[in-house]
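Listed here are the chains, written in short residue letters.
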Amino acid sequence: MKILSLGKVALEVFSGLFFARFLLLKSWRKFREPQQVLGKTFLITGANSGIGKALTENLYNMGANVIMVCRNSKSGQEVADQIREGSSSGPGSITLKTMDLSSLRSVRKSAEDILQCSPKINVIINNAAVMQAPFKMTEDGFENHIAVNHLSHALLTNLMLPKLAQSCTQEDPGRIVFVTSSLYKKGTVLEEDFKPNAKDEKAFVRNRAYSNSKLANLLYAKELAVRIQREGLPITVNLASPGMCYTNLGRHFEMSLLKKLLFLPFALLFFKTPAQGAQTILHAAASSKTVGLNGAYFGDMVEQKIVDVKSELTAKRIFDLTTHAIRDV
């Protein structure tokens, strides 16, 4: 009898989860403006897996030209071939470029190659990231999370700005999208994060490093948006949070079997697929509804208020520190 009762309870729980999941799926919107991407060139970092792969596939199928920026060229080529083979031939194209975001030298070298080979660039999507990885210093002397998630994307964006400005108009501006996370609310950014070889492993908090880098992203993007607007360039800068998704971003998570089992119902209910998570980023990067917005934050395909966070450093100070860090190395 106890076994039957437990089975009945389990069935009711999973039925409830299934129904709740169904309601969530109906509430998650989808980008439906293929005419907004046709013929445009999108540069996407981390394009060979997770949300980056979903973005590449979506855009290619809608007729966009996608520059896939990947650390692993073999994996990138396999994904590019897979996407091409799974789609009917159309006006879109995929170009693969190799870049190691843990190396500013690699970013500069790859950016030079991209600029030489690309007649135009309309949109930059700074997507690649690491999360809860073990402590590691890059060859440039920066902690790995701040280097990969923030500094390298700031450098790449800076190097692409002239091409982006040349490729676009005020009526149809170029767009820069920083893929972010609501975890920025838990972040703290310190001046030492931007100084080579200043980070002490003893002060490293693994489950905070990602949040810190995303806060740096957000504040930098806000200031970049202000400066670009002041200069009158035909470019907007926005942030987009895909929400919680099933991707390999969480590959460094350390959880016991019990915690995994307890976490499973939550994940089954609330986590999105990479394709679902990509929709908000597409909305920020291409929608006609977001064309005039600058310095905005999007979640679930709507603009959301940016929560004030307690940061000792202002957006302007983080912008200046970032600029010095990527310039001096």
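Calculation notes
- Residues numbered from 1 in each chain as written.
- Predicted model: local features only at pLDDT ≥ 70, side-chain atom pairs only at ≥ 80, totals over all residues.
- Heavy atoms only, no water.
- Helix = DSSP H or I, 4+ residues; strand = E, 2+ residues; numbered from the N terminus.
- Contact = heavy atoms within 4.5 Å.
- Buried < 20%, exposed > 50% of the residue type's maximum accessible area, 1.4 Å probe, protein only.
- Right-handed = clockwise from strand over helix to strand, strands pointing away.
- Pairing = 2+ DSSP bridges.
- Axes fitted to C-alpha atoms, helices over the stretch in contact; angles between N-to-C directions.
- Phe/Tyr/Trp six-rings, centres within 6.5 Å; stacked < 30°, edge-to-face > 60°.
- pLDDT = per-residue confidence, 0-100.
- Left-handed = near helix turned anticlockwise from the far one by under 90°.
- Nonpolar A, V, L, I, M, F, W, Y, C, P; charged D, E, K, R; others polar.
- Parallel < 35°, antiparallel > 145°, perpendicular 65-115°, else oblique.
- Expected span 1.5 Å × (residues − 1).
- Arc of directions from axis to C-beta.
- Polar contact = N/O pair within 3.5 Å; in protein donor to acceptor, adjacent residues only side chain to side chain.

As a further point, take the side chain of Ser 213. By the secondary structure assignment, Ser 213 is in helix H6 (residues 206–231). In contact with Ser 213, not counting residues within four places along its chain, are His 145, Ile 146, Asn 149 and His 150.

Most of strand S1 (residues 41–45) is tucked away, with five of its five residues classed as buried. Side chains Thr 41, Leu 43 and Thr 45 of S1 all project onto a buried face; the interleaved residues Phe 42 and Ile 44 project onto the opposite face, where all are buried too. Crossover S1 to strand S2 (residues 65–70) through helix H2 (residues 50–61) is right-handed. Judged from the three bridges that link them, S1 and strand S4 (residues 123–126) form a sheet pairing that is parallel. Paired with Leu 43 across the two strands is Ile 124, which belongs to S4.

We now examine the sheet that holds strand S5 (residues 174–179). Taken in spatial order, the eight strands line up as S3-S2-S1-S4-S5-S6-S7-S8 in an open sheet, and their pairing is mixed. Where the open sheet ends on each side, the last strands, each with one partner, are strand S3 (93–98) and strand S8 (302–304). Recorded for the sheet is a direction-independent mean angle of 25 degrees between the axes of neighbouring strands. In the sheet, strand S7 (residues 297–299) pairs with S8 via three bridges, with the strands oriented antiparallel.

This paragraph deals with the packing of aromatic side chains. Taken as a whole, this structure holds four aromatic pairs when the rule is applied. Taken together, a centroid distance of 5.0 Å and an interplanar angle of 10 degrees make the contact between Tyr 220 and Phe 319 stacked. Taken together, the residues Tyr 220 in helix H6 and Phe 319 in helix H9 (residues 315–328) connect sequence positions 99 residues apart. Of the two residues examined, Tyr 220 and Phe 319, each falls in the buried class.

Here S4 shows a buried face lined by Val 123 and Ile 125 and a second buried face lined by Ile 124 and Asn 126. Of the pairings in the sheet, the one linking S4 to S5 comprises four bridges and is parallel in character. Its bridge partner being in S5, Ile 124 is matched across the sheet by Ile 176. Of the crossover connections in this fold, the one passing from S4 over helix H5 (residues 144–167) to the parallel S5 is right-handed.

Before going further, it helps to examine the confidence of the model for the protein chain. Looking at the protein chain, pLDDT values average 88 and 82% of them are 70 or higher. This stretch, residues 20–27, has a pLDDT under 50; its non-local contacts, to residues over four places away or in other chains, come to eleven contacts.

Moving on, we get to the packing of H2 against helix H3 (residues 73–85). Remark: H2 packs on H3, axes separated minimally by 10 Å, with the N-to-C direction vectors making an angle of 35 degrees. In this structure, H2 crosses over H3, and the sense of that crossing is right-handed. Here Lys 53, Thr 56, Glu 57 and Tyr 60 of H2 come into contact with H3, specifically with Val 79, Gln 82, Ile 83 and Arg 84. For the contact of H2 with H3, a count of residues per class yields three nonpolar, two polar and three charged.

This part takes up the packing of helix H4 (residues 104–117) against H5. Where H4 contacts H5, the axes come no closer than 10 Å and their chain directions differ by 25 degrees. Judged by the angle between their axes, H4 and H5 are roughly parallel. Considering only the axes of H4 and H5, their crossing is right-handed. The segment H4 lies against H5, with Leu 104, Val 107, Arg 108, Ala 111, Ile 114 and Leu 115 engaging Leu 151, Ser 152, Leu 155, Leu 156, Leu 159, Met 160 and Lys 163. Here the contact of H4 with H5 is built from residues that sort into ten nonpolar, one polar and two charged.

Before going further, it helps to spend a moment on unusual backbone geometry. Only a minority of non-glycine residues have a phi that is not negative, and only a minority of peptide bonds are not trans. Of note in the backbone geometry, Asp 300 takes a positive phi value of approximately 50 degrees without being a glycine. Positionally, Asp 300 belongs in the loop between S7 and S8. Residue classification places Asp 300 among the partly exposed positions, given a relative accessible area of 40%. Of note in the backbone geometry, Met 301 takes a positive phi value of approximately 65 degrees without being a glycine. By the secondary structure assignment, Met 301 is in the loop between S7 and S8.

Each turn of an α-helix holds 3.6 residues, which means side chains three or four residues apart point in the same direction. When the terminal C-alpha atoms of H3 are compared, their 18 Å separation across 13 residues agrees well with the 18 Å that a helix rising 1.5 Å per residue should span. Every buried residue of H3 is listed here: Gly 76, Val 79, Ala 80 and Ile 83. Within H3, the buried residues cover an arc of 100 degrees as seen down the axis, which keeps them to one side. Exposed side chains of H3 directed beyond 90 degrees from the buried face belong to Lys 74 and Glu 85. Residues of H3 that are buried in the fold lie against H2, S2 and S3. The backbone nitrogen of Lys 74 has a side-chain oxygen 3.0 Å away, supplied by the residue at the start of H3, namely Asn 72.

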